[in-house]
Amino acid sequence: MISDTIRAVILGIVEGVTEFLPVSSTGHLLLVERFFDLGEDSFWKSFAVLIQFGAILAIVALYFTKLWRVALGMFSNPDDRRFVIGVLVAFLPAAVIGAAAGGFIKGYLFNPWVVCFSLIVGGAILLWIDQLDLEPYEHDATTFPLSMYLKIGFAQCLAMIPGVSRSGASIVAAMLLGADKRAAAEFSFFLAIPTMFGAFVYDLYKNRADMTTDHLGIVAIGFVVSFITAIIVVKTFLNYVTRHGFTLFAWWRVIVGTLGLVALALGK
């Protein structure tokens, strides 16, 4: 029997490693919980959302100087204000659709079969993106046109299907709309802040009655582990994807999804 502490560490590592890679953190968490029997009750389902806050803070820590400059300048600097509006515009579709259809999505789509198929399809799309001869003309995530921010926001909504990947959907959309790989990845990080924070606050409020002192300690462990892991991954990912593209992550998705389907077919 795995202790709650070890369980929290494992899920924290999975969250930190996968949240900002285009491989779907939600999908990986669902598969890990299923095949390794790491989550049996409602607390562990909420735990997967709550530890995302650690990953959010990793982005805030890594981009603190830029974010602080924008925060100070958004009332006086038109460029900073426009970027803040752009992030909010991109966040809006997920907020509206999530509020309207969140219950349906969790009730019908949060199962390992959907995750595995989504991982494979998403992997194929990443392989396709890497083969395209794109000519990017947007090189700064803070200066995209507002219409581009909105389109990326709608693309992000596809990630409500577990296994699709929030970062993957937003990165692919940004690249197809003219962003280079680094700018597309960085905007997916910035967009994650309001998106994941909103999910964190909602889930914490919804499950506040189930949270005990013991639960808070377990969440804190997962939070710290996901924070440290996410910092390492984000710093590595940006440099890697700029030079090598998404092929590694595409095959990662295809292999995990295929192994998952085999395991499910065998009754695991």
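Reading guide: rules and limits
- Residues numbered from 1 in each chain as written.
- Predicted model: local features only at pLDDT ≥ 70, side-chain atom pairs only at ≥ 80, totals over all residues.
- Heavy atoms only, no water.
- Core = buried A, V, L, I, M, F, W, Y, C linked by side-chain atoms within 4.5 Å.
- Buried < 20%, exposed > 50% of the residue type's maximum accessible area, 1.4 Å probe, protein only.
- Contact = heavy atoms within 4.5 Å.
- Axes fitted to C-alpha atoms, helices over the stretch in contact; angles between N-to-C directions.
- Helix = DSSP H or I, 4+ residues; strand = E, 2+ residues; numbered from the N terminus.
- Left-handed = near helix turned anticlockwise from the far one by under 90°.
- Nonpolar A, V, L, I, M, F, W, Y, C, P; charged D, E, K, R; others polar.
- Patch = residues over 30% accessible without salt bridge, like charges linked within 9 Å, V, L, I, M, F, W, Y side chains within 5 Å.
- Areas by Shrake-Rupley, 256 points an atom, 1.4 Å probe, with all protein chains shown as cover.
- Salt bridge = Lys/Arg side-chain N within 4 Å of Asp/Glu carboxyl O.

I'm lost on the nonpolar core in this one. Help?
Soluble globular proteins: nonpolar side chains tend toward being buried together. With 45 residues, the main nonpolar core has F20, F144, I152, F187, F189, F237 and F246 as its most contacted residues. Here F20 is in contact with A55, I59, R166, S167, F189, A192, M196, A230, V234 and F237, once residues within four sequence places are set aside. Counting 14 residues, the second largest nonpolar core, distinct from the first, contains A8, L50, F200 and V219.

Just to check I follow, could you spell out the packing of helix α8 (residues 146–156) against helix α9 (residues 166–176) for this structure?
When two helices pack together, their arrangement is captured by the angle between the axes and the distance separating the axes. Closest axis-to-axis distance for the α8/α9 pair is 8 Å, and the angle between their directions is 145°. As α8 packs across α9, the resulting crossing turns out to be right-handed. Within the contact between the two elements, α8 uses M148, I152, A155 and Q156 and α9 uses R166, A169, S170, A173 and A174. Within the contact of α8 with α9, the residues separate by chemical class into six nonpolar, two polar and one charged.

Would you mind showing me how to read a nonpolar patch on the surface here?
Nonpolar side chains collect at one region of the surface, where L92, V96, I97, L150 and F154 lie side by side and expose about 430 Å² of accessible area between them. Of all the secondary structure elements, the ones that give two or more residues to the nonpolar patch are α6 (78–108) and α8. It is α6 that contributes the most residues to the nonpolar patch, three residues altogether. Among the secondary structure elements, L92 is positioned in helix α6.

Whenever I open this one, the pattern of salt bridges confuses me. Can you help?
Pairing between side chains of opposite charge can happen when their charged atoms approach one another. Tallying each qualifying case throughout the model produces two salt bridges. Between E19 and R166 there is a salt bridge whose closest N-O contact spans 3.7 Å. Of the two residues, E19 sits in the loop between α1 (4–18) and α2 (25–35) while R166 sits in helix α9, which places them 147 residues apart along the sequence. Classification of E19 as buried rests on a relative accessible area of 5%. The class of R166 is buried, set by a relative accessible area of 11%. For R69, the salt bridge identified is with D80, shortest N-O distance 3.2 Å. Linking R69 in helix α5 (residues 64–73) with D80 in helix α6, this pair joins segments that are 11 residues apart in sequence.

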